[in-house]
Amino acid sequence: MSGTNTQNFRLVDELNKTVTNSLVTTFGLDFLLFEDKKGGDIATIHNARQHQKGDTDIYMSDSVQQDYANRGDYKPVKRDANGNIMTDGNGKPKKEDLYHSHPNYKVKGKEDKKLQQGGELVDEYRGKTMSSNEQRQLDHIISSHEVHDDAGRVLAGLSGVELANQDSNFQSTHNYINNLKSDHSMDEFLTTIVPKTIENKRKSIEKDRQRLKSMPTETKQQRHQKRQLESKIAKQNEQIEVLESIDEDKMREADKKARQEYDKQINFTYYTSSKFFKSTAMESGKAGLKMGVRQALGLVFAEVWFELKDAIPQALKDTNGNFTLDKFLEKLKATVQNIWNRVKVRFKDILDEFKSGALAGALSSLSTTIMNIFFTTQKLIGKLLRETWSSLVSAAKILFFNPENLGPGALAREVTRILSTGVAVATGVILNQQLASLMTFPLGTELAAFISAVATGLMTIGITYFLDHSKLMQKVWAFLDQFKSEARKTLEYFQKVNAELDRYLLELSKVEFNLSPEELASFTSSLESISCEHERSLLLSAEISKREVELPFESNNLNSTRAWLMNL
């Protein structure tokens with residue numbers, strides 16, 4: 001019965017420690033030190049573009065947003081050599097089309113014109129060679145408007161004019177396709193603009209044909225109007241044929257290749273820049289420092305609480321009905337001293353917690369940044385990554401350094417315990433997020449944190465108890481212990497022998513030998529005067545026989561002594 005009570009007491013004590021640690025760190029200091037943001041703290045190309053598309057919840061620093069706002073006009077005002085604004089005949093400022101007046105654009109246009117005249121110009125949008133009489137225009141596959149307004153391009157600090165006017169972004173095609181495509185993206189053009197245009201033109205043709213049937217041809221003017229309408233219908237039919245000749249797969253493939261080259265330049269430029277490395281290193285350092293402080297302060301605050309938890313009730317009990325200021329100050333002084341002593345004793349642990357926390361914080365920040373290169377992370381991911389890396393760092397430290405020289409089974413059990421605790425904490429964080437969104441009443445946030453901490457503590461204790469006492473896990477640890485080296489087995493054997501000897505000597509020291517001080521002094525003097533081990537053993541054997549001390553082995557028999565040791 002007492003064993004059960006002791007076990008229950010230890011479980012309650014462990015639960016108290018776990019809940020306290022969770023309340024202080026994960027659900028306390030974490031929310032004070034960290035401000036998790038959607039998309040993390042570092043601007044990435046992906047997140048910048050998502051923010052541009054309207055997801056304003058994604059965090060973008062003021063400097064990044066300011067750079068985008070200052071990207072300039074698509075067609076800037078034209079100025080003379082003195083910097084004065086140039087105007088047209090109506091007094092309006094002249095605009096400069098930098099994208100369509102770029103030297104590369106003009107050179108590519110001339111080259112394609114020669115190829116068209118020679119019957120060698122292939123229109124990739126339609127998968128056919130353009131005839132010499134077709135009206136041709138040079139298209140920016142990724143529209144110049146899109147390039148100019150691309151937040152990723154601005155973040156990388158690259159010139160939109162230079163990026164848009166590369167050979168990889170040029171494609172000559174029918175002028176109607178180019179004009180209709182305008183500043184639309186390829187996907188929007190193919191899925192929306194083309195089908196809608198064809199449908200509208202067919203409706204227009206049908207109306208015009210009905211109108212054509214009823215048009216009079218009596219006068220020259222009437223016949224001219226009819227010919228104009230016929231020309232309009234023919235032109236619209238021609239435009240429909242052009243649009244229907246589009247090879248959607250080839251057009252998408254051209255867009256894909258152009259974007260791959262475009263994104264490769266932007267990504268390489270930005271992610272290898274000092275700007276990105278500097279901001280990443282700075283934010284990782286900040287996260288590491290905050291996490292280290294969180295873990296260290298959490299340990300200190302936990303020790304303070306454990307001391308106060310015992311000291312306050314005792315102080316109230318001692319001063320009950322006999323309170324004086326002197327006694328209260330004396331108790332307070334003793335409590336503070338005890339707190340300081342507890343913190344000093346655990347100073348090395350506090351320092352280790354800071355180091356581990358700093359590494360985990362830096363790695364979690366780096367992980368968040370890498371993930372945001374490919375997709376946008378939610379706020380919760382930042383919290384989960386911190387707790388996950390905290391567990392991984394602790395597990396790695398034990399796994400690779402094994403400071404306590406644990407055997408394979410014990411090492412696997414300890415690593416599993418740490419990782420399982422990390423899972424429990426992560427589950428508690430998710431639970432806290434859900435509860436906090438539901439408990440919007442006063443003190444709801446604090447209540448959610450307390451419930452989450454208790455749930456985390458219960459899961460942690462449950463996992464720990466299962467790993468330590470489950471028959472299944474005991475078999476697993478025993479199986480792993482089979483892989484111990486012979487040196488390790490020998491060391492553990494002698495450690496057990498030494499522990500058993502210590503226990504036996506402790507019991508032996510409690511035996512009353514009925515020795516008077518004079519007899520004890522004489523016996524000690526005799527032992528000190530003998531320099532030969534054989535004579536010393538004879539003296540001890542005689543004294544044992546004289547005192548009738550029962551030994552588990554035969555005195556002065558080395559084989560008997562060894563046999564006893566082997567049976568321990």
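Rules used throughout
Residues numbered from 1 in each chain as written. Predicted model: local features only at pLDDT ≥ 70, side-chain atom pairs only at ≥ 80, totals over all residues. Heavy atoms only, no water. Helix = DSSP H or I, 4+ residues; strand = E, 2+ residues; numbered from the N terminus. Buried < 20%, exposed > 50% of the residue type's maximum accessible area, 1.4 Å probe, protein only. Areas by Shrake-Rupley, 256 points an atom, 1.4 Å probe, with all protein chains shown as cover. Salt bridge = Lys/Arg side-chain N within 4 Å of Asp/Glu carboxyl O. Expected span 1.5 Å × (residues − 1). Axes fitted to C-alpha atoms, helices over the stretch in contact; angles between N-to-C directions. Parallel < 35°, antiparallel > 145°, perpendicular 65-115°, else oblique. Contact = heavy atoms within 4.5 Å. Nonpolar A, V, L, I, M, F, W, Y, C, P; charged D, E, K, R; others polar. pLDDT = per-residue confidence, 0-100. Core = buried A, V, L, I, M, F, W, Y, C linked by side-chain atoms within 4.5 Å. Left-handed = near helix turned anticlockwise from the far one by under 90°. Patch = residues over 30% accessible without salt bridge, like charges linked within 9 Å, V, L, I, M, F, W, Y side chains within 5 Å. Pairing = 2+ DSSP bridges. Phe/Tyr/Trp six-rings, centres within 6.5 Å; stacked < 30°, edge-to-face > 60°.

K.L.:
Is there a simple way to think about the overall build of the protein chain in this case?
P.N.:
When helices and strands are counted, the protein chain shows 22 helices and 4 strands. The buried share among the 568 residues of the protein chain stands at 33%. Carbon and sulfur atoms provide 56% of the accessible area of the protein chain, an area that totals close to 34800 Å².

K.L.:
Hey, could you run me through the pattern of salt bridges in this one?
P.N.:
One side chain can pair with another of opposite charge once the charged atoms of both are near each other. For the structure on display, the rule yields 19 salt bridges. Through salt bridges with shared partners, a single network forms among Arg49, Asp150 and Asp263.

K.L.:
Help me understand helix H14 (residues 347-374), please; the structure alone is not making it clear to me.
P.N.:
Because the α-helix completes a turn every 3.6 residues, residues three or four places apart line up on one side. Here H14 spans 41 Å end to end across 28 residues, near enough to the 40 Å set by a 1.5 Å rise per residue. For H14, every residue scored as buried is listed here: Ile350, Ser356, Gly357, Ala360, Gly361, Ser364, Ser365, Ser367, Thr368, Thr369 and Asn372.

K.L.:
Is there a simple way to explain the packing of helix H2 (residues 45-52) against helix H11 (residues 248-271) in this structure?
P.N.:
In contact at an axis separation of 11 Å, H2 and H11 are set at 115° when each is read in the N-to-C sense. By the angle class used here, H2 and H11 are roughly perpendicular. On the side of H2, the interface is formed by Ile45, His46 and Arg49, while H11 contributes Tyr262, Asp263, Ile266, Asn267, Tyr270 and Tyr271. Taken together, the residues of the contact of H2 with H11 sort by class into 5 nonpolar, 2 polar and 2 charged.

K.L.:
Can you help me understand the confidence of the model for the protein chain in this one?
P.N.:
As a note on interpretation, predicted positions should not be read in detail where pLDDT is low. Residues with a pLDDT of 70 or more make up 84% of the protein chain, whose mean pLDDT is 80. The low-confidence segment residues 1-9 (pLDDT under 50) makes 2 contacts with residues lying over four places distant or belonging to another chain.

K.L.:
Mind showing me how you'd approach unusual backbone geometry here?
P.N.:
One can expect most non-glycine residues to show negative phi and most peptide bonds to be in trans. Within the chain, Ser182 stands out as a residue other than glycine whose phi angle is a positive 45°. Mapped onto the fold, Ser182 is located in the loop between helix H8 (175-181) and helix H9 (186-213). For Ser182, a relative accessible area of 41% gives the class partly exposed.

K.L.:
So what exactly am I meant to see when it comes to the nonpolar core here?
P.N.:
As a rule of thumb, soluble globular proteins bury nonpolar side chains together. Phe189, Ile246, Met251 and Tyr270 are the most contacted members of the largest nonpolar core, which totals 45 residues. At the level of secondary structure, the elements contributing two or more residues to this core comprise H2, helix H6 (151-156), helix H7 (160-164), H8, H9, helix H10 (220-244) and H11. What Met251 contacts, discounting residues up to four positions off in sequence, is Glu124, Tyr125, Ile177, Lys181, Met186, Phe189, Leu190 and Ile246.

K.L.:
How should I be thinking about the packing of H9 against H11 in this particular structure?
P.N.:
Two numbers describe a pair of packed helices, the interaxial angle and the distance between the axes. Put simply, H9 and H11 touch, their axes get as near as 10 Å, and they point 160° apart. The angle between H9 and H11 falls in the class roughly antiparallel. By crossing handedness, the relation of H9 to H11 is classed as left-handed. Where H9 approaches H11, its residues Met186, Asp187, Phe189, Leu190 and Thr191 are matched on the opposing element by Glu248, Met251, Arg252 and Asp255. Residues belonging to the contact of H9 with H11 are distributed by class as follows: 4 nonpolar, 1 polar and 4 charged.

K.L.:
Honestly, a nonpolar patch on the surface in this entry has me stumped. Any pointers?
P.N.:
Together, Leu431, Phe441, Leu447, Phe450 and Ile451 line one region of the surface with nonpolar side chains, adding up to about 410 Å² of accessible area. If you tally residues by element for the nonpolar patch, the top one is helix H17 (residues 444-469), at 3 residues. Within the secondary structure, Ile451 is located in helix H17. Classification of Ile451 as partly exposed rests on a relative accessible area of 33%.

K.L.:
Would you explain the pairing of strand S4 (residues 170-174) in this entry?
P.N.:
The side chains of a regular strand alternate between both faces of the sheet. For S4, the tally of buried residues reaches 5 of 5 residues, placing the bulk of the element in the interior. Where strand S3 (residues 136-140) lies against S4, 5 bridges are found, and the strand directions are antiparallel. Bridge pairing in S4 links His140 to Phe170.

K.L.:
Please explain the packing of aromatic side chains as it appears in this structure.
P.N.:
Two aromatic rings are characterised by how far apart their centres lie and by the angle between their planes. For the structure on display, the rule yields 6 aromatic pairs. Here Tyr74 and Tyr99 contribute two aromatic rings whose centre-to-centre distance is 5.1 Å and whose plane-to-plane angle is 15°, an arrangement assigned as stacked. Taken as a pair, Tyr74 in the loop between helix H3 (62-69) and helix H4 (103-117) and Tyr99 in the loop between H3 and H4 lie far apart in primary sequence, 25 residues in all. Of the two residues, Tyr74 and Tyr99, neither departs from the other in class, the shared state being buried. For the ring pair Phe276 and Phe277, a centre distance of 6.2 Å and an interplane angle of 65° mean the geometry is edge-to-face. Counting every residue linked through ring pairs, the aromatic cluster contains Tyr270, Tyr271, Phe276 and Phe277.

K.L.:
Before we go on, may I ask you to explain the environment of Gly40 in this structure?
P.N.:
Relative to the helices and strands, Gly40 resides in the loop between helix H1 (2-33) and H2. As for Gly40 and Gly382, which are separated by 342 residues in sequence, their C-alpha atoms are 7.3 Å apart. Once residues lying within four places of it in the same chain are set aside, the contact partners of Gly40 are Tyr59, Thr368, Asn372 and Thr377.

K.L.:
Just checking my understanding: could you explain the environment of Gly361 for this structure?
P.N.:
By the secondary structure assignment, Gly361 is in helix H14. On a C-alpha basis, the gap between Gly361 and Lys286 in space is 8.4 Å, while along the polypeptide they are 75 residues apart.

K.L.:
How should I be thinking about the side chain of Gln239 in this particular structure?
P.N.:
Examined against the element boundaries, Gln239 turns out to sit in helix H10. Beyond its immediate sequence surroundings of up to four residues, Gln239 is in contact with Tyr176 and Lys201.

K.L.:
What's the story with the side chain of Thr280 in this structure? I'm lost.
P.N.:
Take Thr280: it is sitting in helix H12 (residues 274-318). Taking the relative accessible area as the measure of exposure, Thr280 reaches 9% and is therefore buried. In contact with Thr280, other than residues within four places in its own chain, are Ile42, Leu366 and Thr369.

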